[in-house]
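# A look at the structure
One-letter residues, chain by chain:
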Number of protein chains: 2
Amino acid sequence: MTYLEKLHAIQQINQSWVCVGLDPDPQRLPVHVVTRYDEPVLPFNKAIIDATADLVCAYKPNLGFYLQWGAAGMIALERTIAYIPNHIPVILDCKTGDIGHTQGAWAMGLFDQWNVDAITVNPYVGAEAVLPMIGKRPDKAIYLLARTSNPSAPQFQGDLRDGTGLAAAVIETSQTWDVAGHLGYVVGATYPEELAVARQMAAHGNFLIPGIGAQGGNLEAAVQYGADSVAGPVISASRSVIYASGAFDFAEAARGAADQLRQRINTARGLQ
Amino acid sequence: MTYLEKLHAIQQINQSWVCVGLDPDPQRLPVHVVTRYDEPVLPFNKAIIDATADLVCAYKPNLGFYLQWGAAGMIALERTIAYIPNHIPVILDCKTGDIGHTQGAWAMGLFDQWNVDAITVNPYVGAEAVLPMIGKRPDKAIYLLARTSNPSAPQFQGDLRDGTGLAAAVIETSQTWDVAGHLGYVVGATYPEELAVARQMAAHGNFLIPGIGAQGGNLEAAVQYGADSVAGPVISASRSVIYASGAFDFAEAARGAADQLRQRINTARGLQ
């Protein structure tokens, strides 16, 4: 099964384009979870996964939020990935972008050892960041940073509407690369007009769309331009879902926030 | 003590600009180490560190090479960093480049929890990749990818000699950022003429220079343009040192290769 087939299947089953970011922040984990467990990351994640697994199309842990707990955090990440039901894609957000044999090591680690379905990749070093990873892995996917969701994104990425900046070059050039796996793109919902341009430029690339939750991106644009010919976009929210409540009801509140986002998306899709 | 002071001190003590990359590759670790230990990474690294600690100015573990061993690799990384003598800077090569609060998590993890002195950062997302990390940490450093050493580097980075491409914009723009820690640059020795331009553009940035070993970069250019006003460059070699031999004499051979590189550099510096 290809990555896109797996993604499309769960999008149909759960009627959802929502991806929940699993980013355990020591400052924001519920106090009663932190005080109850020596290692609170895994129990927190399990509660969030249990509460949302029928509402999402993917989970997206961000590597940085696990590294900050030291090696213990990485053990929690390993166990979190193992705990996520097999039919739900895991996208590891690590924005890696190394060269040649080093990127091969990242691929071996993340795809083979950690068993994630997709990762985010930074294209700064060129094709060598991508080819060693999915050149030979048809069931895996890479989401290449194209247009990130942050305020200083235009600093080096330029404006996609010009068609001349870095983000435009990344989308254009990367589509000529010979990859066995799926090559998708990260395009932030905080730049809705550029999202439309990105979809024109990359008709068949799946989009991972951050910026909808705490960053206030444009949900309608994400829905309108997000879908490709096979699957819907992966619309990601983290803080607005997993920290919807810091009290005893945190898992229930996360479920509520995920479902609300799912329904907003489905309304924009004309599904309900 | 600032990062540059720490770096300069060890460069004087060991008379060395050599940085050894600690990249444990399952395909290349000595067979007798792999068969003797369930977890061979830490014993291998300890042997390399013991054999070279009086010949180097820094150690540079690459995150990808530890992730590929799963959580066990991350425990080995934590212990490797703890094992490196305190007066030798540790540069974690992770090429991270996330945004805002996520990059803050990376900083907390790598600088506070993992206790590394410097890390490599990918500037694709703009200033937000750097400011949350060393905006307030005077004893830490970031090496921003400017001109990477790989063959496809020009694909998006352009040519520094033109002064108009991405790498030029990164060096130029980043020098206007208000940081408390040190902002240095990764500039590959495989592009010697651009190394000269980078030094002109960033007179006070410390350079981390890869590409000297297995990649065949230009040692003389690295020496000529590497040094800044405070310290010498960090000239990094990995495979050519740590896998100089795959037999029982691997540590001794690594010492020999590190010393040979050190002497070649010192000869080019006119020291001996």
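What you see is a predicted model, and the numbers here were worked out from it, not measured in a lab. (Residues numbered from 1 in each chain as written. Chains lettered and ligands numbered in written order. Predicted model: local features only at pLDDT ≥ 70, side-chain atom pairs only at ≥ 80, totals over all residues.)

## Some details on the overall build of chain A
The secondary structure content of chain A amounts to 13 helices and eight strands. A compact globule built from 272 residues would reach a C-alpha radius of gyration of about 19 Å, and chain A, at 18 Å, matches this within 12%. Along the longest, intermediate and shortest principal axes, the C-alpha atoms of chain A span 50 × 45 × 35 Å. Across the 272 residues of chain A, 61% fall into the buried class. Sequence-distant contacts, at least 24 apart, represent 73% of the contacts inside chain A between residues at least 6 apart. (Helix = DSSP H or I, 4+ residues; strand = E, 2+ residues; numbered from the N terminus. Rg over C-alpha atoms; globule rule 2.2 N^0.38 Å. Buried ≥ 20, exposed ≤ 12 C-beta atoms within 10 Å, placed from the backbone. Contact = placed C-beta atoms within 7 Å.)

## Re the relation of the copies chain B and chain A
Placing chain B over chain A gives an RMSD of 0.0 Å and needs a rotation angle of 180 degrees, together with 0.0 Å of translation along the axis. The transformation relating the two chain copies, once decomposed into turn and shift, fits a two-fold axis. The share of interface residues of chain B whose copies in chain A are also at the interface is 100%, consistent with both copies meeting through the same surface. (Least-squares fit on C-alpha atoms with pLDDT ≥ 70 in both.)

## So, the interface of chain B and chain A
Listed as interface residues are 44 residues of chain B and, on the opposing side, 44 residues of chain A. Counting only elements with at least two residues in the side of chain B that touches chain A, the list comes to helix H4 (63–67), helix H5 (71–83), strand S3 (91–96), helix H6 (100–113), helix H8 (154–157) and helix H9 (166–174) of chain B. Per element, the largest residue contribution to the side of chain B that touches chain A is eight residues, and it comes from H6(B). Grouping the constituent residues of the side of chain B that touches chain A by class yields 22 nonpolar, 17 polar and five charged. (Nonpolar A, V, L, I, M, F, W, Y, C, P; charged D, E, K, R; others polar.)

## Some points on the sheet that holds strand S8 (residues 234–237) of chain A
Residue and element names in this part refer to chain A. The eight strands are arranged S2-S1-S8-S7-S6-S5-S4-S3 in an open sheet whose pairing can be described as parallel. The strands lining the two open edges of the sheet, one partner per strand, are strand S2 (58–61) and strand S3 (91–96). Across the sheet, the mean angle separating the axes of adjacent strands is 30 degrees when strand polarity is ignored. In the sheet, strand S4 (residues 118–121) pairs with strand S5 (residues 141–147) via four bridges, with the strands oriented parallel. Each bridged residue has a counterpart across the sheet, and for threonine 120 the counterpart in S5 is tyrosine 143. (Pairing = 2+ DSSP bridges. Axes fitted to C-alpha atoms, helices over the stretch in contact; angles between N-to-C directions.)

## Considering the pairing of S4(A)
Residue and element names in this part refer to chain A. Here S4 shows two buried faces, one formed by Ala118 and Thr120 and the other by Ile119 and Val121. With three bridges connecting them, S3 and S4 associate as parallel partners. Looking at S4, one finds that threonine 96 is bridged to valine 121.

## Here's the deal with the packing of helix H5 (residues 71–83) of chain A against H5(B)
Packed helices, taken two at a time, are described by the angle between their axes plus the distance between the axes. Relative to each other, H5(A) and H5(B) sit at 175 degrees, their axes nearing to 9 Å. With respect to their mutual orientation, H5(A) and H5(B) come out roughly antiparallel. On H5(B), the residues touching A:Ala71, A:Met74, A:Ile75 and A:Glu78 of H5(A) are B:Ala71, B:Met74, B:Ile75 and B:Glu78. Looking at the contact of H5(A) with H5(B) residue by residue, the classes come out as six nonpolar, no polar and two charged. (Parallel < 35°, antiparallel > 145°, perpendicular 65-115°, else oblique.)

## A word on the pairing of strand S1 (residues 18–22) of chain A
Residue and element names in this part refer to chain A. Most of S1 is tucked away: five of the five residues are buried. Both faces of S1 are covered, namely the face carrying Val18, Val20 and Leu22 and the face carrying Cys19 and Gly21. One ladder, built from three bridges, connects S1 with S8; its direction is parallel. Residue pairing across strands places valine 20 opposite alanine 237, the latter belonging to S8. Strand direction decides the pairing type here: S1 and S2, joined by four bridges, are parallel. Following the sheet pairing, glycine 21 is matched in S2 by lysine 60.

## Comments concerning the sheet that holds strand S1 (residues 18–22) of chain B
Residues and elements named next belong to chain B. Pairing within the open sheet is parallel, and its eight strands lie in the order S2-S1-S8-S7-S6-S5-S4-S3. Looking at strand neighbours, the two that pair on one side only are strand S2 (58–61) and S3, the edges of this open sheet. Ignoring which end each strand starts from, the neighbouring axes of this sheet average 30 degrees apart.

## Some remarks on unusual backbone geometry
Its identity as a non-glycine residue notwithstanding, A:Gln15 has a phi of 45 degrees, on the positive side. Mapped onto the secondary structure, A:Gln15 falls in the loop between helix H1 (3–13) and S1.

## Things to note about the confidence of the model for chain A
Of all residues in chain A, 100% have pLDDT values of 70 or greater, and the mean over the chain is 95. Scored as a complex, the prediction yields pTM 0.96 and ipTM 0.94. (pLDDT = per-residue confidence, 0-100.)

## Observations concerning the environment of B:Gln103
All names here are of chain B. Mapped onto the elements, glutamine 103 comes out in helix H6. Residue classification places glutamine 103 among the buried residues on the basis of 23 C-beta atoms within 10 Å. Sequence spacing of glutamine 103 and glycine 256 is 153 residues, and the spatial spacing of their C-alpha atoms is 39 Å.

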